Amino acid sequence: EAGVVQSPRYKIIEKKQPVAFWCNPISGHNTLYWYRQNLGQGPELLIRYENEEAVDDSQLPKDRFSAERLKGVDSTLKIQPAELGDSAVYLCASSLVLTEAFFGQGTRLTVV
Amino acid sequence: AQSVTQLDSQVPVFEEAPVELRCNYSSSVSVYLFWYVQYPNQGLQLLLKYLSGSTLVKGINGFEAEFNKSQTSFHLRKPSVHISDTAEYFCAVSLDTGRRALTFGSGTRLQVQP
């Protein structure tokens, strides 16, 4: 069974440029999460989807970040414009039941 | 709101020695508890989880953890570590009230030396 797939694995952009990350969750998983992991820290939730609905986006910086999950499957996370402080690893995870989340390998973003 | 504290940022240990990685949490409601491992340039892999029942939980790769409600702790242990256990370990909690997202600690870097 395929795990959570994220792309790209690495991205380097100049500040003020836009960037997008893509996530394909495990088949059948109705819950999808985006986390951000800063260097030397644990992941922090950005947004959680239940099917197509964003049920928890309180930590998403809405002035520059946006996300969507069309048809309750794949999801994209966008940053526009990117700032130097956005450099981090962006992790996508999915789950079927209440508590066990499966993580993708992440996208490492470097803003220069 | 819940929080997780991992008391040690780095734990150096010799191969075949035992190890304990400490985790304490705070929450006003019941929680589920997890340990994840992250190898370099990889995502997080679940080691073990406590949902209910026996307080001693066994996971993959020979790891185990014990839930202690009175001390609000969930320490991770392994009786004999290998070089391949070198990685970052994260403790996490999830509320059992329907809020499913995980709150992570800051991580402990386990460095196994030959």
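Residues numbered from 1 in each chain as written. Chains lettered and ligands numbered in written order. Predicted model: local features only at pLDDT ≥ 70, side-chain atom pairs only at ≥ 80, totals over all residues. Heavy atoms only, no water.

Caption draft 1: Molecular detail of the pairing of strand β8 (residues 75-79) of chain A. When you tally the buried positions in β8(A), you get four out of five residues, the bulk of the element. Remark: six residues form the turn of the hairpin made by strand β7 (residues 65-68) of chain A and β8(A), two consecutive strands paired antiparallel; A:Lys71 in that turn has positive phi of roughly 60°. (Buried < 20%, exposed > 50% of the residue type's maximum accessible area, 1.4 Å probe, protein only. Helix = DSSP H or I, 4+ residues; strand = E, 2+ residues; numbered from the N terminus. Pairing = 2+ DSSP bridges.)

Caption draft 2: View of the interface of chain B and chain A. Counting residues at the interface gives 20 residues for chain B and 24 residues for chain A. Buried surface at the junction of chain B and chain A, both sides included, amounts to about 1,800 Å², of which 49% is carbon and sulfur. Linking chain B with chain A are one salt bridge, by the criterion used here. Taking the shortest distance from any N to any O, the salt bridge between B:Lys49 and A:Glu100 comes out at 2.4 Å. Where chain B touches chain A, the interface holds six residue pairs in polar contact (both at pLDDT 80 or more). When residues of the side of chain B that touches chain A are traced back to their parent elements, those giving at least two are β5 (31-38) and β6 (44-50) of chain B. It is β5(B) that provides the largest number of residues to the side of chain B that touches chain A, a total of four residues. Among the residues forming the side of chain B that touches chain A, the class breakdown is ten nonpolar, seven polar and three charged. (Contact = heavy atoms within 4.5 Å. Buried area = accessible area lost by both parts, 1.4 Å probe. Salt bridge = Lys/Arg side-chain N within 4 Å of Asp/Glu carboxyl O. Polar contact = N/O pair within 3.5 Å; in protein donor to acceptor, adjacent residues only side chain to side chain. Nonpolar A, V, L, I, M, F, W, Y, C, P; charged D, E, K, R; others polar.)

Caption draft 3: Here's a closer look at the state of the cysteines. Residues and elements named next belong to chain A. Counting across every chain of the model gives two disulfides over all chains. The disulfide partner of Cys 23 is Cys 92, and the gap between their sulfur atoms is 1.9 Å. Every disulfide takes its handedness from the sign of the S-S torsion; for Cys 23 and Cys 92 that torsion is -70°, giving left-handed. Within this pair, whereas Cys 23 is found in strand β3 (residues 19-24), its partner Cys 92 is found in strand β9 (residues 88-95), the two being separated by 69 residues in sequence. The pair formed by Cys 23 and Cys 92 is uniform in burial state, with each residue classed as buried. (Disulfide = S-S within 2.5 Å.)

Caption draft 4: Geometry of the pairing of strand β12 (residues 108-113) of chain B. All names here are of chain B. The alternating pattern of β12 places Thr 108, Leu 110 and Val 112 on a buried face and Arg 109, Gln 111 and Gln 113 on a face that is not buried. Sheet topology places strand β2 (residues 10-14) next to β12; five bridges connect them, and they run parallel. Bridge pairing links Val 11 to Leu 110 in β12. Taken together, the three bridges between strand β10 (residues 87-95) and β12 define a ladder with antiparallel strand orientation.

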